[in-house]
Amino acid sequence: MKRTGKLVCLILALVLVLSLCACSSGKTAQSSVKTVTSGKLTMATNAQFPPYEFYEGDKIVGIDAEIAGAIASKLGLELVIEDMEFDSIITAVKTGKVDIGMAGMTVTDERKESVDFTESYATGVQVIIVADGSEIVSVDDLFAEGANHVIGVQRNTTGDLYCTWDIEDEGLGTVDRYSKGADAVQALKAGKVDCVVIDNEPAKAFVAEVEGLKILETEYALEDYAGAMSKDNQELYSAVNDALKALIADGTVQKIVDKYINAK
Ligand code: GLN
């Protein structure tokens with residue numbers, strides 16, 4: 001009798017311990033998808049691209065930072081932002097150092113070979129910045145036979161890729177590559193390049209800070225911006241993409257874009 005009692009106690013205790021374990025492990029499985037650092041969504045960006053990402057004091061803010069923050073909180077994760085060269089973002093995503101790249105990044109077929117893109121959440125336009133009084137007045141002037149302009153771009157951006165293919169490779173001019181868009185704009189101001197090809201929103205921000213420059217009305221290319229993610233973590237990709245789609249559908253993304261762009 002005594003022995004049976006002990007056994008029953010032991011079994012009850014075991015059941016209790018097991019059910020507690022099941023409970024707690026059930027909870028973690030529910031609230032977290034696998035990320036580079038558990039409990040966190042690590043985003044790579046290049047915080048030199050206002051209004052999508054830029055520094056306010058020592059904090060990175062902007063459209064991408066806020067959208068990523070909203071995605072993270074939907075998934076119960078804390079957003080961590082890593083600032084790096086634009087050129088390094090795709091590699092960081094591909095090699096699993098970060099969970100997502102958000103950097104006003106244009107969806108291109110070449111990049112799709114390395115990463116999966118989320119739903120697009122914004123559009124961008126490649127525009128041309130020139131000095132007041134420039135002989136370049138439209139995009140066609142860059143492709144003219146014998147034009148031979150020096151075009152400033154940010155390294156490995158779509159502006160760089162298009163100008164390399166359309167102009168440099170065709171022998172119609174040369175491309176000068178800078179690690180920051182703002183440096184290309186300074187080179188234009190200093191007369192080292194004849195124009196800068198860059199995304200329209202940062203173009204507006206840069207031109208507002210430098211006297212004597214203007215953005216041509218003409219458009220070089222229209223593009224879609226999206227988040228870049230690894231092809232190896234489909235569970236995280238789906239979770240992030242579903243969260244983003246929901247944030248687009250309920251107007252949150254538009255509100256964030258308006259806060260930085262349209263409201264100005
Ligand atoms: N949209 C451009 C690209 O994806 C530039 C992005 C950037 O400079 N952050 O290449």
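Now for the site of the ligand. The ligand sits among 13 residues. The nearest are Ala103, Gly104, Thr106, Thr158 and Asp199. Within the side chain of Arg111, an N or O atom sits 2.8 Å from an oxygen atom of the ligand. Gln154 places a polar side-chain atom, nitrogen or oxygen, 2.8 Å from an oxygen atom of the ligand. Across the complex, the protein chains shield 100% of the 300 Å² of accessible surface that the ligand would expose by itself.

Further remarks concern the pairing of strand E1 (residues 40-45). When you tally the buried positions in E1, you get 5 out of 6 residues, the bulk of the element. When E1 meets strand E4 (residues 78-83), the two strands line up parallel, connected through 6 bridges. In the strand pairing of E4, Ala44 is matched with Glu82. In the sheet, E1 pairs with strand E5 (residues 100-101) via 2 bridges, with the strands oriented parallel. Residue Ala44 lies in a different strand from E5, and its bridge partner there is Gly101.

Moving on, we get to the packing of helix H2 (residues 63-74) against helix H10 (residues 252-260). Look at H2 against H10: their axes get within 9 Å of each other, and the N-to-C directions meet at 155 degrees. In terms of orientation, H2 and H10 fall into the roughly antiparallel class. Crossing geometry of H2 relative to H10 is assigned as right-handed. On H10, the residues that touch Ile63, Glu66 and Ile67 of H2 are Val253, Ile256, Val257, Lys259 and Tyr260. For the contact of H2 with H10, the class distribution of residues is 6 nonpolar, no polar and 2 charged.

Looking now at the side chain of Asn46. Its location among the elements puts Asn46 in the loop between E1 and strand E2 (54-56). Among the polar contacts listed, one links the side chain of Asn46 to the backbone oxygen of Met84, at a separation of 2.9 Å. What Asn46 contacts, discounting residues up to four positions off in sequence, is Glu53, Asp83, Met84, Glu85, Phe86, Ile89, Ala103 and Gln154.

Rules and cut-offs
- Residues numbered from 1 in each chain as written.
- Predicted model: local features only at pLDDT ≥ 70, side-chain atom pairs only at ≥ 80, totals over all residues.
- Heavy atoms only, no water.
- Near = heavy atom within 4 Å.
- Polar contact = N/O pair within 3.5 Å; in protein donor to acceptor, adjacent residues only side chain to side chain.
- Areas by Shrake-Rupley, 256 points an atom, 1.4 Å probe, with all protein chains shown as cover.
- Buried < 20%, exposed > 50% of the residue type's maximum accessible area, 1.4 Å probe, protein only.
- Helix = DSSP H or I, 4+ residues; strand = E, 2+ residues; numbered from the N terminus.
- Pairing = 2+ DSSP bridges.
- Axes fitted to C-alpha atoms, helices over the stretch in contact; angles between N-to-C directions.
- Parallel < 35°, antiparallel > 145°, perpendicular 65-115°, else oblique.
- Left-handed = near helix turned anticlockwise from the far one by under 90°.
- Contact = heavy atoms within 4.5 Å.
- Nonpolar A, V, L, I, M, F, W, Y, C, P; charged D, E, K, R; others polar.

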